Every structure is written in structure tokens, then in C-alpha cells.
Amino acid sequence: MAWNNLPIDPAGLSIRQELAAIFRILAHFRMTDLIHTHASARVPGKSNTLLINRYNLLFDEVTASSLIEIDESGALSPEYEGADINDAGCNIHSAIHEALPDVGVVIHTHTRAGAAVSAQRHGLLPISQQAMMFHGAVGYHEFEGFVLSQSERASLVRDLGNHKAVILRNHGLIAVGSTAAEAWNRIYNIERACEIQVAALAGGSELVVPPEAIQTRMGQQAVSDKQLYIERMAWNACLRLIENVGTDFRL
């Protein structure tokens, strides 16, 4: 198809490569669900334009040039006509980008631990360092089926609010960030928090919950300049990890 060979605008190459890297990193850490989840990025300098993965690719097949463009209504850009798209994915991501201009990257997963915690009435428990990084910074969105309706765009954005992440009840996780590094670290940490929670609850012992003041302190530390620097280092380490396997994601 013609859109397979579209030239990449040099101004958008960097964000395409970063988004493709996210898919490869997600695949490495087994945060995948066949072809059914997605990540997106705003294209700098190109109004109303977002990048998202084609529906027919596994995450370890995604490359910079295979990403397709949609607008903030979720519609496929005309030059990509014929590309396979996930309608729910386009609806979710475009809704968030449209409502929150400062969000550069959105990552959505269906991991076992994330879906498990999404089905627990109490939600994410403050029982790990990773979970407390989201103190006061995670929303909850009730399940309404596949996210295909216009009305759910509004309720999803409302439930995300200004949080770092939103837990989709009976579904999975979404993390957002201004950059690829920020969004990746957030989805990694909330996924790790969910894994720890499922393991801790399975153990059957009484859980230790730190005092509210400690939870608040942890939440504040998680957004400090030092933490942002650490997250950038972690992102660069993950890039080295996948580059050691291959650099075809950049093509």
C-alpha cells in the first residue's frame, strides 16, 4: 500500500523513533496483548496530528515508518487510507491528546497484573514504593465496553484529569507524560506496583500500609527534578537495551 512507503518528515523523525522504541521496550518487558494495545505521540510542529501503531503489528515489529497518523478526533489521516487501525485505540488516544495539549505521549496496556488490579474494588494500594509514586495521581474509569463512543471520550478524560495514570476498571492501565521518557517510566512503575500488589495479596498475610504522611511525601518525591533526571537515565538505559538487540525500529 502507498502509505507503507510515505517519506518521513525529518522534523517528525525523532518522535517516530521514540514511539517505536516504546513498543520495543514494552515487548521486551512482556507488557503486550498480541496486537490489541497501543501507544501514541503528538507530532511536534504539526497541528492536530498524532502517531499511533497500526493494528496488525506485534510490538516487536513496530518501526518508525510503520506508525500511522490520525487527528485529534481519531480519524485516520487521508494519506494513510487503507491502513489497519484499532478504532477503540484511536478513540482513547485522540480523546486524551485533544483534551490535554501538554500530554505528548499516551501508553495503554492490558497486562495481567494491571487488569487484575483494575478488577479489585480497592484499586491500587499504597503498599509499595512504586504504588506510592502515584499518591493522589491516579484516576479510575468505569468499564463501558470497547471504548468506541463519543460520550466515553468525555468520561475518560474526566477520570484521567491531571493524573499521571488512569486505571480502566476491568480493562487495564493508561499512563501519560509530556515526553516518551516520562510516559514510559510511569507505565513501568504502575505496572510494577500492580505486580507487587497481586503478589502481596496472594501471600495471604496482613499488609503493611505506610502512614498517609509518608504516602504524601513519596508522591512529592516522585515529581521532583531529581526524579525526572533519574527517569531520563532509565529511559536511556532502556534504549541501550533494545539497541543491543537491533536498531531496525528507527527505520
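Residues numbered from 1 in each chain as written. Predicted model: local features only at pLDDT ≥ 70, side-chain atom pairs only at ≥ 80, totals over all residues. Heavy atoms only, no water.

This brings us to the overall build of the protein. Helix and strand counts for the protein come out as 8 helices and 7 strands. Relative to the globule expectation of 18 Å for 251 residues, the C-alpha radius of gyration of the protein, 18 Å, shows essentially globular dimensions. Projected onto its principal axes, the C-alpha coordinates of the protein cover approximately 60 × 40 × 30 Å. Split into buried and exposed, the 251 residues of the protein put 51% on the buried side. When contacts within the protein are restricted to residue pairs at least 6 apart in sequence, long-range pairs at least 24 apart make up 68% of them. Where the 19 positive side-chain charges of the protein centre and where its 27 negative ones centre are 6 Å apart. (Helix = DSSP H or I, 4+ residues; strand = E, 2+ residues; numbered from the N terminus. Rg over C-alpha atoms; globule rule 2.2 N^0.38 Å. Buried < 20%, exposed > 50% of the residue type's maximum accessible area, 1.4 Å probe, protein only. Contact = heavy atoms within 4.5 Å. Lys, Arg positive; Asp, Glu negative; His and termini not counted. Charge placed at Lys NZ, Arg CZ, Asp CG, Glu CD.)

Before going further, it helps to spend a moment on the environment of Asn53. The topology assignment puts Asn53 in the loop between β2 (50-52) and β3 (68-70). For Asn53, a relative accessible area of 6% gives the class buried. As for Asn53 and Asn86, which are separated by 33 residues in sequence, their C-alpha atoms are 8.6 Å apart. If sequence neighbours within four positions are ignored, Asn53 has contacts with Phe23, Thr37, His38, Ala39, Phe59, Leu67 and Ile68. A polar side-chain atom of Asn53 sits 3.2 Å from the main-chain carbonyl oxygen of Thr37. In terms of polar contacts, Asn53 uses its side chain to reach the backbone amide nitrogen of Ala39, at 3.4 Å. (Polar contact = N/O pair within 3.5 Å; in protein donor to acceptor, adjacent residues only side chain to side chain.)

Turning our eyes to something else, we now look at the packing of helix α2 (residues 87-99) against helix α5 (residues 150-160). At a closest axis distance of 9 Å, the pairing of α2 and α5 adopts a crossing angle of 55 degrees. As judged from the angle between their axes, α2 and α5 are oblique. Here α2 runs over α5; the crossing is right-handed. Facing Asn91, Ile92, Ser94, Ala95, Ile96, Glu98 and Ala99 of α2, the residues of α5 in contact are Gln150, Arg153, Leu156, Val157 and Leu160. Within the contact of α2 with α5, the residues separate by chemical class into 7 nonpolar, 3 polar and 2 charged. (Axes fitted to C-alpha atoms, helices over the stretch in contact; angles between N-to-C directions. Parallel < 35°, antiparallel > 145°, perpendicular 65-115°, else oblique. Left-handed = near helix turned anticlockwise from the far one by under 90°. Nonpolar A, V, L, I, M, F, W, Y, C, P; charged D, E, K, R; others polar.)

The backbone of Arg30 sits at a positive phi, close to 60 degrees, despite the residue not being glycine. Mapped onto the fold, Arg30 is located in the loop between α1 (10-28) and β1 (38-42). Unusually for a residue other than glycine, Asn170 sits at a positive phi of about 60 degrees.

Once that is clear, we can look at the sheet that holds strand β7 (residues 172-177). Within the open sheet, the 7 strands sit side by side as β3-β2-β1-β4-β7-β6-β5. Their pairing is mixed. A strand with exactly one partner marks an edge of an open sheet, and here the two such strands are β3 and β5 (138-141). Averaged over all neighbouring strand pairs, the angle between strand axes comes to 20 degrees, with direction disregarded. In this sheet, β7 lies alongside strand β6 (residues 165-168) in antiparallel orientation, the contact comprising 4 bridges. Pairing of Ile167 across the sheet is with Leu173, part of β7. Contacting β1, β2, β3, β4 (105-109) and β7, α2 runs over the sheet at an angle of about 35 degrees to β1. Packing against the sheet, α5 makes contact with β5, β6 and β7, and its axis sits at approximately 150 degrees to β5. (Pairing = 2+ DSSP bridges.)

One way to see where empty space is left: roll a probe the size of a water molecule over the atoms. Within this model, the largest pocket holds a volume of roughly 270 Å³. Along its surface, the largest pocket is lined by 16 residues, and His36, Ala88, His110, Phe146 and His171 are the ones closest to its centre. Sort the elements by how many residues they give to the lining of the largest pocket and α2 lands first, with 3 residues. Along the lines of polarity and charge, the residues of the lining of the largest pocket split into 7 nonpolar, 8 polar and 1 charged. (1 Å grid on protein atoms, 1.4 Å probe; cavity = no way out; pocket = protein on both sides within 12 Å on 5 of 7 lines; lining within 4 Å. Points joined across faces, edges and corners; volume = space filled by probe spheres on them.)

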